[in-house]
Amino acid sequence: MANESDVKSIMTFSTKSEASTALQNISRWKNAPLHERCTITDMLKIKEAFQANMNKMLPNEFRNLLRTLLNVEYDDDDYKILFMKDRSTDPMQGTYITASRDGMINWWSLDMVLLRTAFSSSPHLKVRITWVTDLVCMPDVNIIVTSSTERDLRFYDCTAKTFTLKIVITSWEFMICTMYYHFHKDINEKCLLICGDVGGNVRVLMFSPIKRGPFQNQPGKALIQLRHVDLQRKPQLLPAMQLVELTRVHSDWVRQVSYYESLHCVVSCSTCVDSLLMCDIAGSKTHNMFKVEKGIQCFAFDEAAHVLVTGGPDCAVRVWNPFVPSKCNAILLGHHAAVTNIVLQNNGQTVYSLSRDRIIKVWDVHGQVCIQTYIDVPAQVGERTPITAVYNPVSREYILAAMKVAVLVLDEQLNPAHTDGFTHSRAVAEVLYNPLFKVIITCGMDSIIINWDPATGKRNTLIRDAHTRLLHGELIPVEITAACFDPGYQLLLTGARNGSLKVWNFNTGICLRTMSIEHMCEVTSCFWVEGRILAVGWNRHVTEFEETGTGSTGKSWETRHSDDVLAAAARPPLALATASYNSELLLWKLETGQPYRRFSCTEPTLRIKMQYSKREARASSSAQSSSPASRRASSMRRPSMVERESVSASTAMRKAYARRVSTVSLPARAQHMRQLAVHAIIFLLTRPCSMNVASLMLSLENGQVQGWSDHSAGGYQGSFQAIHTAGDYVSAFATDTNNDYLFTGTTIGYIKVWLMRNYLRNEEVHICMPKLRLEFPFLWRDRLEGRAKRCVRQQPLPLLLNSYRAHLRCVTTLAYVDELKLLFSFPMAHSCLRGPWDIMWWSVSRSSLLWLPAVARTTACECGACPVNTCTRWAASCPGVSTLQGSRLTSRKLRVLRLLRCGAGATSPATCRGRWRRTSCATSPSRSCAGRTEPRPPSRYSETTSTYPRDQIGRILLFSMTPCQLSRCTARCAWRLASPCGAPARRRSCRPGARGSSARVARTSSTTHTNIELHSL
């Protein structure tokens, strides 16, 4: 039994009884041996506690049990050594340790907060200091090892936050320059300390970790000093430690050492011809030498996937199979300086390589391509100093240290502050097409403005940190939320979340003017009309600025909205429409800035009187604000009895079906909790300002799109359901110049095309359905209709021309280019079909196009008058009959293949001098097939149908990509005939298959970006 002198500390705590509260001083034994404090009765109580917890107990629970039952308190380090027998490590509960050349050792928390400092110095040097070459931590025994230019190894005991020198091994043959420590989870296995020196030797120190092995406290031996030769010739001086030497394995310095646990091999590399050695400690079973001409500077491996990646002075990153040392599997080129560090992720499929010029490249091993180049490592870290690095696989933090310490997060998500600039790192708020310069402007939430060339997909201009705010002396980027062009399409106006407005020359990236509506008030929409700049946002009113002025503040219009304005649209020079979160719709006169109509989108037929007297408006607003019952009643539908009586049963059923987009429906009580917010507005500018013509379209959050007339005597004209999924609604609008089509993007990524020619207009417009069916394959009759078609069965107008899911999340903005007939869409987050935050280009008929237009190669006609292998856009130079072997998808069910007219005047294959060639995009048709193969129409047909290929009786020839179902047919050659008048198509000769569509191919930028986040210290 321990005596009273063994009591290390006195802890005071309070106990509370029913009668009174008193303070008692209880002595607790500090770090006492368990067998001295535990009796048979205590052991039975501990057993009962374990049985109550199903023979399992957390470390903290067992620690509290010892504290309450045995009155014993243990330090963290001693408790782990005594009771944590699994020897597992947690990277999220440790500390970072750094060592400088002068021997200063710092402990850092995971948040890079300095905890404590110690110094490693030689006990034999009294004048000059030591140059520390490497440091390694031995966490299972609480030891830190340092090597220095004095050719020694120093083992420091760090138990209980101490730093005591325990063992010094001096007089090594060569200076040790790199080390690696490996320990097993099984305490019976020996631990390995692998050392590499400047002479090309690899030495391994092995010891048993039981009771801390050679580092156990021994009475009378505060410091153990011995030489290298003593370990070789006199092992009895330190019997707990064994030395194994692999001499002269390299002809140059050993740059890095490690241990391949699954193969029980020591791995070392050097910048010599014998670059990398993988051998077991005995040197008998495995001995693989990987040879590279200029050597290997660093390496990393994944034992589960058996992937070995190396980097060296030749600036190349090589991928090896550890079992095949003769030749590497892949060579990744791109660095312009020596590679100094390698990090692997995703089972070796993602490689991060750091070079001497502080450039980090991210590689995709499977595709053997560089997916990102990171150049933003600051020069303050170490411009001309070798950078050391360590990687935490749990937090994915990459610690770089030289003169300063930097933390980079190697995460798959993009960071808005550090992107390579090829695309936006966050969602895009606006996509604008400039018809004057024929460029695409994108403004993102990452405060970046990019000028794109739509023909090539290349970036022309990049503006970083377009909007910023000062926070604690640092400029923080602010999200861009609105943008527009000036009437002449020469300047760009952007609005940000902090209420700032800026005018840009988007070709040069120069900011010409800065304005603000209100501090930290988000700008939701901005407009540039003749002579004025208008902005609207969360301040609930319109702010007007002079076009030629230099002031930063503007004039505020009358505040008519009672909630934040979410959407707005302008129709110069007549009207401005603004809509708020509480379903208010206000129409303003642009000339005077006065509101002339006010509506509630939730109750569109309700007439709201405009009050132009300030006294009446103030009285009505105060009455509404003072009466909770009136506010509660105003937020609920109150149809009059006259309206109830005028509604027929068929009308009620039709309205009920329009609201029922799926089987999921909200309760009636939940529908009346608040008004429906308006999320998007667009003007159809070509429509006249008439009381019976809907020239304004807006979307509600219940999925409806309403049509309104901006006439002073107009109002609500009608609505239609634009979604087919419960909880979805339209978040973005776009239209063409003639307002024939309306493009809608929803919150779950669907894009729909609606025909607006004959919707809510006074005049009758003839619609040619055969032409629409040729342009939009969505209108073709399907055996099994999808949800989009089923939801518009009883909704004849507007006609749904197309519906497809372009993205996986919310579509934030849409832009349509009439000249190219392309639709640009942008999602909210990582939701594109291939790459993150890439702009998708869609043709009107739904096809996803390439960034670079594909050039079709022609095959010369065999009549003798055609050039051979002429490469033109549409093979117009071929005087005979040529076929296009293109690779572009233009619709869901047709593929491009154009057949030109024979230059010799032939009207059929029989009368042509040459050979009338019909070539499919997939495989050539088999002559033994009972069906026939016919040419397909061109992808970009004219307004008339006279340019389509026809047979001898004048019928249009269409080629479907449906495979032929005949057993002897090996070609994809089902044949379809359609007459110009739109008569039903019929098939002949071969049994038709299902009129299914060929697989749609959507191509975007294949670049996948990887986020690297830098926290400066």
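This one's a predicted model, so the numbers in the text were calculated from it and none came from an experiment.

Asks: Tell me about the overall build of the protein chain, residues and numbers included.
Replies: If you tally the helices and strands in the protein chain, you get 12 helices and 64 strands. Once local pairs closer than 6 in sequence are excluded, the contacts in the protein chain between residues at least 24 apart make up 49%.

Asks: Can you explain the sheet that holds strand 33 (residues 449–452)? Please cite residues and give values.
Replies: Pairing is antiparallel across the open sheet formed by four strands, whose spatial order is 31-32-33-34. At either margin of the open sheet sits one strand with a lone partner, and together these are strand 31 (428–434) and strand 34 (459–463). Each strand axis lies, on average, 15° off the axis of its neighbour in the sheet, ignoring direction. Both strand 32 (residues 439–444) and strand 33 contribute to a ladder of four bridges, which runs antiparallel. Counted as the bridge partner of C443 is I449 from strand 33.

Asks: Please set out the nonpolar core residue by residue, giving values where relevant.
Replies: Taken as a class, soluble globular proteins show a tendency for nonpolar side chains to be buried jointly. Of all hydrophobic cores here, the largest spans 25 residues; its most connected members are M138, V145, L153, F155, I169, L205 and F215. Of all the elements in the fold, those that place two or more residues in this core are strand 7 (132–138), strand 8 (143–148), strand 9 (153–157), strand 10 (164–170), strand 11 (176–182), strand 12 (191–197), strand 13 (202–207) and strand 14 (224–227). When sequence neighbours within four positions are dropped, the list of residues in contact with L205 reads L153, F155, I169, W172, C191, L192, L193, L231, M241, Q242 and L243.

Asks: Summarise the packing of aromatic side chains; cite the residues concerned and give the values.
Replies: For any pair of aromatic rings, the description consists of the separation of the ring centres together with the inter-plane angle of the planes. Applying the stated criterion across every chain, the model contains 21 aromatic pairs. Here the aromatic rings of Y391 and Y398 are separated by 6.5 Å at their centres, their planes lie at 70°, and the arrangement is edge-to-face. On the accessibility criterion, Y398 (1% relative accessible area) is buried. For the pair F720 and Y759, a centre-to-centre distance of 5.5 Å together with 90° between the ring planes defines the contact as edge-to-face. Note that F720 is positioned in strand 52 (residues 716–721) and Y759 in the loop between strand 55 (750–755) and helix 11 (769–775), a separation of 39 residues in sequence. Members of the aromatic cluster, each reached through a chain of ring pairs, are F155, Y181, F183, F207 and F215. Above the face of the W107 ring, R116 is positioned so that its terminal group lies 3.8 Å from the ring centre.

Asks: Go over helix 3 (residues 59–69), please, and point to the residues and values.
Replies: Looking at helix 3, one finds that the buried residues are F62, R63, L65, L66 and R67. Where helix 3 terminates, the next one or two residues include N71, which has phi positive at roughly 60°.

Asks: With reference to specific residues and values, describe the pairing of strand 7.
Replies: Put simply, side chains in a regular strand alternate between the two faces of the sheet. Here strand 7 lies mainly inside the structure; five of its seven residues are buried. As paired strands, strand 7 and strand 8 are joined by six bridges and run antiparallel to one another. In the sheet register, V132 faces strand 8, and the bridge partner there is S148. The loop that links strand 7 with its antiparallel partner strand 8 comprises four residues; one of these, N142, has a positive phi angle of about 55°.

Asks: Describe the side chain of D740, with residues and values.
Replies: When you line up the elements, D740 lands in the loop between strand 53 (730–735) and strand 54 (741–746). A relative accessible area of 16% means that D740 is categorised as buried. Setting aside anything within four residues of it in sequence, one finds D740 in contact with W754, L755, M756 and R757.

Asks: Residue-level account of the confidence of the model for the protein chain, with values.
Replies: The predicted model of the protein chain has a mean per-residue pLDDT of 74, with 69% of residues at 70 or higher. Counting contacts from residues 1–26, a segment whose pLDDT is below 50, to residues more than four positions away or on other chains yields 29 contacts. Contacts for the low-pLDDT stretch residues 830–838, under 50 throughout, to residues beyond four places or in other chains number 45 contacts.

Asks: Can you break down the state of the cysteines residue by residue, with the values?
Replies: In the structure shown here, the tally under the stated rule is zero disulfides. C158 forms no disulfide, and the closest cysteine sulfur to it belongs to C137, at a distance of 7.0 Å. The structure places no disulfide on C265, whose sulfur is separated from the nearest cysteine sulfur, that of C279, by 6.9 Å. On the basis of relative accessible area, C265 is assigned to the buried category, the value being 0%.

Asks: Give a description of the sheet that holds strand 38 (residues 492–496) that names residues and reports values.
Replies: Sheet architecture is open: four strands sit in the order 37-38-39-40, paired in antiparallel fashion. Where the open sheet ends on each side, the last strands, each with one partner, are strand 37 (480–485) and strand 40 (510–516). The average undirected angle you get between the axes of adjacent strands in this sheet is 20°. As judged from the five bridges shared by strand 37 and strand 38, these two strands associate in the antiparallel manner. Within the sheet, the bridge partner assigned to A482 lies in strand 38 and is G495.

Asks: Please set out the pattern of salt bridges residue by residue, giving values where relevant.
Replies: Oppositely charged side chains can pair when the atoms bearing their charge come close. Tallied over the full model, the rule gives 22 salt bridges. One salt bridge in this structure joins R154 and D152, with 3.1 Å as the shortest N-O distance. Comparing R154 with D152 shows no difference in burial state: the two are buried. E785 is paired through a salt bridge with R793; the nearest N and O atoms lie 3.2 Å apart. Owing to a relative accessible area of 34%, E785 belongs among the partly exposed residues under this scheme. You can call R793 exposed: its relative accessible area is 54%.

Asks: Mind laying out the environment of V811, listing which residues take part and the relevant values?
Replies: Inspection of the secondary structure assignment puts V811 in strand 57 (residues 811–817). Separated by 67 residues in the primary sequence, V811 and T744 place their C-alpha atoms 9.0 Å from one another. Look past the residues within four positions of V811 in its chain and what remains in contact with it is S731, A732, G745, T746, G749, Y750, I751, S825, F826 and P827.

Asks: I'd like a description of the packing of helix 2 (residues 40–52) against helix 3, backed by residues and values.
Replies: Between helix 2 and helix 3, the least distance of the axes is 12 Å, while the angle of their chain directions is 145°. Like other packed secondary-structure pairs, helix 2 and helix 3 cross with a definite hand, here right-handed. Touching D42, K45, I46, A49 and F50 of helix 2 are F62, L65 and L69, all from helix 3. Of the residues assigned to the contact of helix 2 with helix 3, the class counts are six nonpolar, no polar and two charged.

Asks: Break down unusual backbone geometry for me, citing the residues and quoting the values.
Replies: Of note, the bond from P572 into P573 is cis; its omega dihedral lies within 30 degrees of zero at 0°. The omega torsion across L797 and P798 is -5°, close enough to zero to call that bond cis. Turning to its location among the elements, P798 is positioned in the loop between helix 12 (787–790) and strand 56 (799–805). The residue N142 is not glycine, and still its phi comes out positive at about 55°. Inspection of the secondary structure assignment puts N142 in the loop between strand 7 and strand 8. Located in the positive-phi region is N346, a residue other than glycine, with phi close to 55°. By the element assignment, N346 lies in the loop between strand 24 (339–345) and strand 25 (350–355).

Rules and cut-offs
Residues numbered from 1 in each chain as written. Predicted model: local features only at pLDDT ≥ 70, side-chain atom pairs only at ≥ 80, totals over all residues. Heavy atoms only, no water. Helix = DSSP H or I, 4+ residues; strand = E, 2+ residues; numbered from the N terminus. Contact = heavy atoms within 4.5 Å. Pairing = 2+ DSSP bridges. Axes fitted to C-alpha atoms, helices over the stretch in contact; angles between N-to-C directions. Core = buried A, V, L, I, M, F, W, Y, C linked by side-chain atoms within 4.5 Å. Buried < 20%, exposed > 50% of the residue type's maximum accessible area, 1.4 Å probe, protein only. Phe/Tyr/Trp six-rings, centres within 6.5 Å; stacked < 30°, edge-to-face > 60°. Lys NZ or Arg CZ within 6 Å of the ring centre and 35° of its normal. pLDDT = per-residue confidence, 0-100. Disulfide = S-S within 2.5 Å. Salt bridge = Lys/Arg side-chain N within 4 Å of Asp/Glu carboxyl O. Left-handed = near helix turned anticlockwise from the far one by under 90°. Nonpolar A, V, L, I, M, F, W, Y, C, P; charged D, E, K, R; others polar.

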